[in-house]
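# Examination of the molecular architecture
Spelled out, the chains give:
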Amino acid sequence: MRSLNGVLLAIDAGNSKTDVAVLSRDGQVLGEARGGGFQPPVVGVEAAVDVLAEITRRAWEAAGGAGLDPRFARVAACLANADLPVEEEELEQALGERRWSRTNRVYNDTFALLRAGVDEPRGVAVVCGAGINCAGMLPDGRTARFPALGKISGDWGGGGGLADEALWFAARAEDGRGEATALARTLPEHFGLPSMYALIEALHRGHLPPARKHELTPVLFRTSAEGDPVARALVDRLAEEVVAMATVALGRLRLLDEEAPVVLGGSVLAARHPRLDERIAELLAARAPKAVIRVVTAPPVLGAGLLVLDKEGARPQAAARLRAHYA
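The sections below set out a description of the structure shown in this document. These figures come from a predicted structure and were not determined experimentally.

Looking only at helices and strands, the protein chain has 13 helices and 10 strands in total. For the protein chain, whose C-alpha radius of gyration is 21 Å, the value lies close to the compact-globule estimate of 20 Å for 327 residues. Seen along its three principal axes, the alpha-carbon backbone of the protein chain occupies a region of about 70 × 50 × 35 Å. In the protein chain, buried positions account for 50% of the 327 residues. Taking all contacts inside the protein chain whose residues are at least 6 apart in sequence as the whole, residues at least 24 apart take part in 66%. Surface summary for the protein chain: the accessible area is close to 15100 Å², and the carbon and sulfur share equals 50%. Between the mean site of the 38 positive side-chain charges and the mean site of the 42 negative ones, the protein chain shows a separation of 4 Å.

Turning our attention to the pattern of salt bridges. Applying the stated criterion across every chain, the model contains 24 salt bridges. In this structure, aspartate 19 engages arginine 34 in a salt bridge whose closest nitrogen and oxygen atoms are separated by 2.7 Å. In this pair, aspartate 19 sits in strand β2 (residues 17-23) while arginine 34 sits in strand β3 (residues 29-36), placing the two residues 15 residues apart along the sequence. What makes aspartate 19 buried here is its relative accessible area of 9%.

The strand order across the open sheet built from 5 strands is β3-β2-β1-β4-β5, with neighbouring strands paired in mixed fashion. Each end of this open sheet is capped by a strand with a single partner; those strands are β3 and β5 (104-108). In this sheet, neighbouring strand axes are inclined to one another by 15 degrees on average, regardless of whether the strands run parallel or antiparallel. Where strand β1 (residues 8-13) and strand β4 (residues 74-79) come together, 6 bridges link them in parallel fashion. Looking across to β4, one finds that isoleucine 11 is bridged to alanine 77. Along the sheet face, helix α12 (residues 301-312) touches β1, β2, β4 and β5 and points at about 145 degrees away from the line of β1.

Here we take up the nonpolar core. Ranked by internal contacts, the top residues of the largest apolar core, which has 53 residues, are Leu187, Leu238 and Leu276. Of all the elements, helix α9 (residues 229-252) adds the most residues to this core, at 12 residues. Excluding its chain neighbours within four sequence positions, the residues that come into contact with leucine 276 are Phe221, Val235, Leu238, Ala239, Val268 and Leu269.

Moving on to the sheet that holds strand β8 (residues 143-145). The mixed open sheet is built from 5 strands, whose spatial order is β8-β7-β6-β9-β10. For this open sheet the edge positions go to β8 and β10 (291-295), each flanked by a neighbour on one side alone. When the angles between neighbouring strand axes are averaged without regard to direction, this sheet yields 15 degrees. Pairing of strand β7 (residues 132-137) with β8, which is carried by 3 bridges, proceeds in the antiparallel orientation. Residue pairing in the sheet places alanine 135 in a bridge with arginine 145 of β8. In this fold helix α11 (residues 274-287) packs onto β9 (260-265) and β10, with an angle of close to 160 degrees to the strand it touches most, β10.

Calculation notes
All residue numbers here refer to positions counted from 1 along the written sequence of the relevant chain. Predicted model: local features are reported for residues with pLDDT of at least 70 only, side-chain atom pairs are reported and counted for 80 or more only, and whole-chain, interface and lining totals are derived from all residues. Only hydrogens and water are set aside when side-chain values are computed; all heavy atoms of the structure are taken into account. Counting from the N terminus, the helices are DSSP H or I runs at least four residues long and the strands are E runs at least two residues long. Just to be clear, the radius of gyration here is over C-alpha atoms, and the globule rule we use is 2.2 Å times residues to the power 0.38. Here the term buried applies to any residue with accessible area under 20% of the maximum for its type, exposed to any over 50%, and partly exposed to those in between, with areas from a 1.4 Å probe on protein chains only. Any two residues having at least one pair of non-hydrogen atoms within 4.5 Å are treated as being in contact. With residues, only the protein chains shown are counted as cover, and all accessible areas are computed by Shrake-Rupley using a 1.4 Å probe. When charges are counted, Lys and Arg contribute as positive and Asp and Glu as negative, whereas His and the chain ends are disregarded. Charged groups are reduced to one reference atom each: NZ for lysine, CZ for arginine, CG for aspartic acid, CD for glutamic acid. Whenever a carboxyl oxygen of Asp or Glu lies within 4 Å of a side-chain nitrogen of Lys or Arg, that contact is scored as a salt bridge. Two strands make a pair as long as DSSP finds a minimum of two bridges between them. All axes are obtained by fitting lines to C-alpha atoms, using only the stretch in contact for helices, and the reported angles, taken between N-to-C directions, cover 0 to 180 degrees. Here, nonpolar core means buried Ala, Val, Leu, Ile, Met, Phe, Trp, Tyr and Cys residues that are tied together by side-chain atoms lying within 4.5 Å of each other.

So, in structure tokens, the structure goes:
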């Protein structure tokens with residue numbers, strides 16, 4: 001049986017999926033597992049941590065720990081819905097009650113994207129997938145972050161928000177309350193429906209599950225690429241939001257006047273929509289001229305692994321080995 005003394009645990013848990021990796025101190029991946037999403041607001045903290053525990057058990061067994069209780073020298077968990085420091089503290093306590101380790105550190109999952117995209121824990125990341133968030137950090141431990149709780153915390157954008165905006169403009173275009181837009185045609189066409197009225201009815205009556213609204217975000221970008229002014233304006237507004245978050249975070253960390261990475265990730269930003277990429281680059285060059293854009297497509301569990309290696313004081317070779325595994 002492989003010795004598992006002193007191994008580390010890295011967790012990246014998003015709303016839709018969770019990745020877990022058991023690591024050696026030299027950055028070798030000993031075992032991995034994937035499972036369902038982490039949603040404490042929906043199922044409660046204990047039930048959500050139960051999901052993590054099951055996936056962790058499978059990763060532990062893959063590392064050679066079958067028949068033994070999971071034990072780790074250190075745990076780094078980058079978790080969705082850990083949006084406020086008080087929520088991180090609550091989740092750290094919940095992990096501590098599992099007795100996997102005496103040293104548990106919980107981060108919002110945006111920090112996993114950031115760490116995956118930088119060579120040291122220094123810079124800012126904006127993630128735009130189903131939602132939108134931004135986080136920054138410095139090697140001395142200082143961070144910059146946003147609550148990212150939706151409209152109540154001033155957020156706009158993300159795949160879900162873009163879909164809702166596209167539906168709003170398309171509905172008003174069809175019934176005459178708003179300006180004309182091709183979205184009134186392209187959105188219902190995506191579902192094989194003849195009109196926005198039919199799409200509204202299908203969503204309202206549950207013939208289309210609400211989760212399928214996310215399919216409309218790529219339709220919005222295609223409609224924008226075809227030149228529709230309303231769709232293009234929504235894409236441009238998303239670029240404004242991404243750059244606003246990034247520059248505010250850079251300013252809080254006093255990095256606006258230094259060469260610093262701005263890491264972009266999540267399904268919307270990683271899709272590399274040309275107009276969105278161009279507008280972000282243009283706006284960021286005007287507001288933070290020394291910022292360096294990096295788009296990350298590596299799995300965020302890499303970032304969680306690098307964070308736990310950072311805390312362990314691992315050598316640079318360990319980080320390089322871990323990056324090579326996820327290359």
